[in-house]
Amino acid sequence: MNLPLVWQRAALHSTEQRPTLLSTTPGQTAPPSRSTRGTAGRGLNEQSFQVWLPVIAEEPGPSARVRFGAGRNGDELLEEGTSFSFGLTTLYYAVNITDSSEGRFREEWIINGQHQPTLDRSGLLPQPEGGNYLSGITLSTGAPLPLGEYELRIFVDERQAGRGRLHILLSP
């Protein structure tokens, strides 16, 4: 369902019925008092009109920052980037999560447009309110990771909190 960002109509006289609810998201409504209303000027035929701007507020939630690297030294990511040369056998990634309420995370990997459920993982964060972790993906055969576009989606408390994208190319 696409919602209009600006709704324009002729000014309503006091005897006309005004809309009582404005849709904010599917299944939710907000009263017009939560909208911004003002006279926008004159339209066609010098008829005045008003502009209604629905206020769509999204509840604050967790966020995740993802970084990728070709190596690691303990808990430190090395050779950070978003493009890597073919031949990489392990792709490391660092995730920083903030504002979690439950402390549960889930990762989804998409490689060349295809979801890779064998790479997905889930668990609890080091601290319930958020935290950092470093991990990596590798093929069980030890072969280089395939060429292509990689995307890691991070879900925290069942909401998508962030994502990171990278490419493995013949030469970066």
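Residues numbered from 1 in each chain as written. Predicted model: local features only at pLDDT ≥ 70, side-chain atom pairs only at ≥ 80, totals over all residues. Heavy atoms only, no water.

### Here's the deal with the packing of aromatic side chains
For step 1, the next point in the chain: All chains considered together, the criterion is met by three aromatic pairs.
For step 2, the next point in the chain: Where F105 meets Y133, the ring centres are 5.0 Å apart and the plane angle is 35 degrees; that geometry is what we call tilted. One end of the pair, F105, is in strand β10 (residues 104-111); the other, Y133, is in strand β13 (residues 131-138), with 28 residues separating them in the sequence.
For step 3, the next point in the chain: Classification of Y133 as buried rests on a relative accessible area of 12%.
For step 4, the next point in the chain: Through pairs of rings, three or more aromatic residues link up here, namely F68, Y93 and W109.
For step 5, the next point in the chain: Cation over ring: R106 sits above F155, and NZ or CZ is 4.1 Å from the ring centre. (Phe/Tyr/Trp six-rings, centres within 6.5 Å; stacked < 30°, edge-to-face > 60°. Helix = DSSP H or I, 4+ residues; strand = E, 2+ residues; numbered from the N terminus. Buried < 20%, exposed > 50% of the residue type's maximum accessible area, 1.4 Å probe, protein only. Lys NZ or Arg CZ within 6 Å of the ring centre and 35° of its normal.)

### What to know about the environment of E151
For step 1, the next point in the chain: When you line up the elements, E151 lands in strand β14 (residues 148-156).
For step 2, the next point in the chain: Classification of E151 by relative accessible area gives buried; the value is 7%.
For step 3, the next point in the chain: Residues E151 and H115, 36 residues apart in the sequence, show an inter-C-alpha distance of 9.3 Å.
For step 4, the next point in the chain: When sequence neighbours within four positions are dropped, the list of residues in contact with E151 reads E108, W109, I110, R163, G164 and R165.
For step 5, the next point in the chain: Among the polar contacts listed, one links the side chain of E151 to the side chain of R163, at a separation of 3.5 Å. (Contact = heavy atoms within 4.5 Å. Polar contact = N/O pair within 3.5 Å; in protein donor to acceptor, adjacent residues only side chain to side chain.)

### Focus: the pairing of strand β15 (residues 159-169)
For step 1, the next point in the chain: In this sheet, β15 lies alongside strand β8 (residues 83-85) in parallel orientation, the contact comprising three bridges. Looking at β15, one finds that S85 is bridged to L169.
For step 2, the next point in the chain: Of the pairings in the sheet, the one linking β14 to β15 comprises nine bridges and is antiparallel in character. Residue pairing in the sheet places G148 in a bridge with I168 of β15.
For step 3, the next point in the chain: Hairpin connection, β14 to β15: the antiparallel pair is bridged by two residues, and D157 has positive phi, about 55 degrees. (Pairing = 2+ DSSP bridges.)

### Regarding the pattern of salt bridges
For step 1, the next point in the chain: Applying the stated criterion across every chain, the model contains seven salt bridges.
For step 2, the next point in the chain: With a closest N to O distance of 3.0 Å, E80 and R67 form a salt bridge. In this pair, E80 sits in strand β7 (residues 76-80) while R67 sits in strand β6 (residues 63-73), placing the two residues 13 residues apart along the sequence.
For step 3, the next point in the chain: Overall, R67 belongs to the partly exposed group, its relative accessible area being 25%.
For step 4, the next point in the chain: When the shortest N-O distance is used, the salt bridge between R153 and E151 registers 3.1 Å.
For step 5, the next point in the chain: Shared partners join several salt bridges into a network, and the residues in it are E151, R153, R163 and R165. (Salt bridge = Lys/Arg side-chain N within 4 Å of Asp/Glu carboxyl O.)

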